[in-house]
Amino acid sequence: MTSTEICNKALAHLGDARISDFHEVSVAAEKCRTHYDHERDSLLRLHRWNFARARTLLTRLVQKPAFGWAFQYAMPADCLRVLEFNGVESGVDHDDHYELEGGRLLTDAGEGWLVYTKRVTDASLYDVLFCDALAYKLAAALCKEITNSNSEKGALLQMFERSLRDAGWTDAVENRARVVPPTRGSRTLSARAGAF
């Protein structure tokens, strides 16, 4: 799917005329461009989308934080949401605590492995259900300008929430957590194995 097709789905939800191209000179296209990037990025932040997941080894900065943390790392410019840091899911208590501050990640960890949601601008990479949710989200953002109806905006937001729930559930069940055998890393069991 393309950005133009997503915008046309949003405009169809509003009963408005289609556009020929996302970059065309028209009132409808200009309104779509005004809201599109923001609505896309906010939707990317709402869920751990498989198509938008990326991983990187963070670059440690030479300058240390003034206080509170031992190290700081530069965050990727396209990072919209931290999913995991050093193998532990974000929001879970762990030894390598961190803090995000001004485009940097502050931590006491000597290295920084990051899994994150990245800004994906190529609509051809989007999951089709993500596109459905984005079209409803965009339509809700455009609704007041195009229809001047708050009740219609409310209905579109309800459709967006339902679409997001379906898209998020479908996306989530495609992933399975990696199973780590409980014996991995056990010195006792390693010593026993070496004894035979």
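Predicted, not measured: the structure shown is a model, and the values here were computed from it.

A. Structural context of the pairing of strand β8 (residues 113-118). Sheet analysis places strand β1 (residues 53-57) next to β8, joined by 5 bridges and oriented antiparallel. Of the residues in β8, the one forming a bridge with L57 is W113. Relative to β8, strand β4 (residues 79-85) is paired through 5 bridges, and the arrangement is antiparallel. Within β8, the position partnered with C79 by the bridge is K118.

B. Focus on the packing of aromatic side chains. Under the criterion given, the structure shown has 7 aromatic pairs. Each ring, one from W49 and one from F130, has its centre 5.0 Å from the other, and the planes form 85°; the classification is edge-to-face. Of the two residues, W49 sits in the loop between α2 (27-45) and β1 while F130 sits in helix α3 (residues 128-147), which places them 81 residues apart along the sequence. Each of the two residues, W49 as well as F130, counts as buried. When the centroid spacing of 4.9 Å and the interplanar angle of 75° are considered together, the rings of F51 and F130 count as edge-to-face. Taken together, the positions of F51 in the loop between α2 and β1 and F130 in helix α3 put the pair 79 residues apart, joining distant regions of the chain. The structure contains a cluster of three or more aromatic residues connected by ring pairs, namely W49, F51, Y126 and F130. Its guanidinium or amino end placed over the ring of F71, R60 lies 4.3 Å from that ring's centre, counting from NZ or CZ. Over the ring of F160 we find K137; its NZ or CZ atom is 5.7 Å from the centre of that ring.

C. A look at the sheet that holds strand β2 (residues 59-60). A sheet is described by the order of its strands in space; here 4 strands give the open sequence β2-β3-β7-β6, paired in antiparallel fashion. The open sheet terminates on both sides in strands that have one partner only, identified here as β2 and β6 (98-101). Two elements, β2 and strand β3 (residues 71-74), share 2 bridges in a ladder whose sense is antiparallel. Note that in β3 the partner of R60 across the bridge is Y73.

D. Summary view of the nonpolar core. Ranked by size, the top nonpolar core spans 35 residues in total, and within it I6, Y36, L43, W49, F51, Y126 and F130 carry the most contacts. Secondary structure elements with two or more residues in this core: α1 (3-13), α2, α3 and α4 (150-173). If you tally residues by element for this core, the top one is α3, at 11 residues. W49 has contacts with L43, L44, F130, L164, A167, G168 and D171, leaving out every residue within four places of it along the chain. Counting residues in each nonpolar core, the second largest holds 12 residues, with Y73, L105, A109 and Y116 among its members.

E. Just α2, in detail. The end-to-end C-alpha distance of α2 is 28 Å, a good match for the 27 Å that 19 residues give at a rise of 1.5 Å each. Buried within α2 are the following residues: A28, A29, C32, H35, Y36, E39, R40, D41, L43 and L44. Buried positions along α2 lie against α1, β4, β8, α3 and α4.

F. Unusual backbone geometry, seen in detail. One non-glycine residue, N86, lies in the positive phi region at around 50°. By the element assignment, N86 lies in the loop between β4 and β5 (88-89).

G. How the structure looks around the pattern of salt bridges. Under the criterion given, the structure shown has 8 salt bridges. With a closest N to O distance of 2.7 Å, K137 and E39 form a salt bridge. In this pair, K137 sits in helix α3 while E39 sits in helix α2, placing the two residues 98 residues apart along the sequence. With respect to burial, K137 and E39 carry one shared label: buried. One salt-bridge network, held together by shared partners, links D37, R40, D41 and R119.

Thresholds applied
- Residues numbered from 1 in each chain as written.
- Predicted model: local features only at pLDDT ≥ 70, side-chain atom pairs only at ≥ 80, totals over all residues.
- Heavy atoms only, no water.
- Pairing = 2+ DSSP bridges.
- Helix = DSSP H or I, 4+ residues; strand = E, 2+ residues; numbered from the N terminus.
- Phe/Tyr/Trp six-rings, centres within 6.5 Å; stacked < 30°, edge-to-face > 60°.
- Buried < 20%, exposed > 50% of the residue type's maximum accessible area, 1.4 Å probe, protein only.
- Lys NZ or Arg CZ within 6 Å of the ring centre and 35° of its normal.
- Core = buried A, V, L, I, M, F, W, Y, C linked by side-chain atoms within 4.5 Å.
- Contact = heavy atoms within 4.5 Å.
- Expected span 1.5 Å × (residues − 1).
- Salt bridge = Lys/Arg side-chain N within 4 Å of Asp/Glu carboxyl O.

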